[in-house]
Amino acid sequence: MEAQNGSWVHEITYLRISITDKCNMKCSYCRPINIDYISHKDMLSYEEIRDIVLVMKDFGLKKVRITGGEPLVRPQVWNLVSLLKATNLESISMTTNGTYLKEYAKLLKEAGLDTINISLDTLDENKFKHVTKSDIKPVLEGIYEASALGFNIKLNTVLIRNFNDSEIIPLVEFAKDVRARIRFIELMPVGKLDFFNKSKIFYNDEVFKLLEKTYGKLTALPPDGSKSAKRFLIESINTEVGFISPISSPFCDGCSKLRLTPEGTIMYCLRTNSGINIKKIIREEGLEAFRKLMPDIIRQKNISNEYIINNDYRFLDCNRAMTSIGG
Ligand code: SAM
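Residues numbered from 1 in each chain as written. Predicted model: local features only at pLDDT ≥ 70, side-chain atom pairs only at ≥ 80, totals over all residues.

**Quick word on the overall build of the protein chain**
For clarity, the threshold we go by: Numbering of helices and strands runs from the N terminus; a helix is a DSSP stretch of H or I covering at least four residues, while a strand is a stretch of E covering at least two. Whether two residues are in contact is decided by their C-beta atoms, placed from the backbone, lying within 7 Å.
Broken down by element type, the protein chain carries 10 helices and 12 strands. On the principal axes, the C-alpha backbone points of the protein chain span a range of 55 × 45 × 40 Å. Taking contacts inside the protein chain between residues at least 6 apart in sequence as the whole, the part at least 24 apart equals 76%.

Structure below.
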């Protein structure tokens, strides 16, 4: 069966690997206040993750992103980076809140990490504390360290109306100063949190208009990696900006991205709870059993894309918190 709109994907090119559900921050839009953490024995080991990646590479996998929770709270994550580097993928990146980068950026660089996405929603220390319940200082120090080491950095900014939407230009200027790219992400209602309310969403077309008004016409750039961001160059300050617009401009059509959770579930999309636990299969039946399942996993991914498109890109049954899936 082929998708009616011709967007049937035949391979999986991109995998987001969440390696822990623990995080040192408590962002209001990401995780519930009380959370039952996964025990260590229930988590995939770094070697198991590498083996999964190797199998998926035979089905088209080119890029992986390590995320969490906060990936840098899991011990010696640079060992995972080294294991993944040895698989010869096109790129290995990580999404982090940056707190521990000052300490670990050099080890990550030496292990072969290509790109770091660092979450930064505000430059105001009080607002930062309000949204994350943590301090901004180590995060900024981590960004400076990663920049000094020559990392390819992207800043991830989730805009919240009447909270940080007044900081769009200062954040772009900060990105320029640390030689980073910046991505504006629309707030998604993932995880049934009290925080969500449609009125808090700040849409990316508003950001785009403000940037053009401030800097002049933006120059469109071709899509990269996961294709979720629409990329532009602000020529006057030579800084790249990206718009990730899951609410106003969903990018599900032809999406070939999967997510792997810390306890070994492959999830087809953030918008639904559907997935398959492959840890049990790998531990009880071996890697070859997983390999045999891959064609069906690709088929399920296509069915999931169709289901979401046919349901107007709604977020359906999303009761798992973002922090436990891996944003
Ligand atoms: N702890 C790491 C960090 O803070 O970057 C990695 C995990 S975090 C879940 C990954 C990304 O998801 C962050 O950039 C975060 O801002 C984003 N995120 C979390 N909840 C979100 C939501 N409800 N809507 C949009 N983005 C969200």
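**Observations concerning the pairing of strand S6 (residues 181-186)**
Let me state the cut-off plainly: Buried, partly exposed and exposed are defined by the number of other C-beta atoms within 10 Å of a residue's own C-beta, namely 20 or more, between the two limits, and 12 or fewer respectively, with C-beta atoms placed from the backbone. Two strands pair if DSSP finds at least two bridges between them.
With five of six residues buried, S6 is to be regarded as a mostly interior element. Across six bridges, the pairing between strand S5 (residues 152-159) and S6 is parallel. The residue bridging Asn156 from the neighbouring strand is Arg183, located in S6. Of the pairings in the sheet, the one linking S6 to strand S9 (residues 239-244) comprises four bridges and is parallel in character.

**Things to note about the sheet that holds S5**
Selection rule: Fitted lines through C-alpha atoms give the axes, limited to the stretch in contact for helices. The angle between two N-to-C directions lies from 0 to 180 degrees.
The strand order S7-S8-S9-S6-S5-S4-S3-S2-S1-S10-S11-S12 describes an open sheet built from 12 strands, whose pairing is mixed. Edge positions in the open sheet fall to strand S7 (219-221) and strand S12 (275-277), since each of these has one partner strand only. For this sheet, the mean angle separating the axes of adjacent strands, direction not counted, is 25°. Note that strand S1 (residues 14-18) and strand S10 (residues 257-260) share four bridges and pair parallel. Within S10, the position partnered with Leu15 by the bridge is Leu258.

**Re the packing of helix H3 (residues 101-111) against helix H5 (residues 137-148)**
Formally: Any angle that is under 35 degrees is reported as roughly parallel, and any over 145 degrees as roughly antiparallel; angles of 65 to 115 degrees are reported as roughly perpendicular and all others as oblique. Each crossing is labelled by how the near helix is turned from the far one, with a counterclockwise turn of less than a right angle marking it left-handed and a clockwise turn marking it right-handed.
Closest axis-to-axis distance for the H3/H5 pair is 8 Å, and the angle between their directions is 25°. Considering the angle they form, H3 stands roughly parallel to H5. Between H3 and H5 the crossing geometry is right-handed. Counted together, Leu101, Lys102 and Ala105 of H3 and Pro138, Glu141, Gly142, Glu145 and Ala146 of H5 form the full contact between these two elements.

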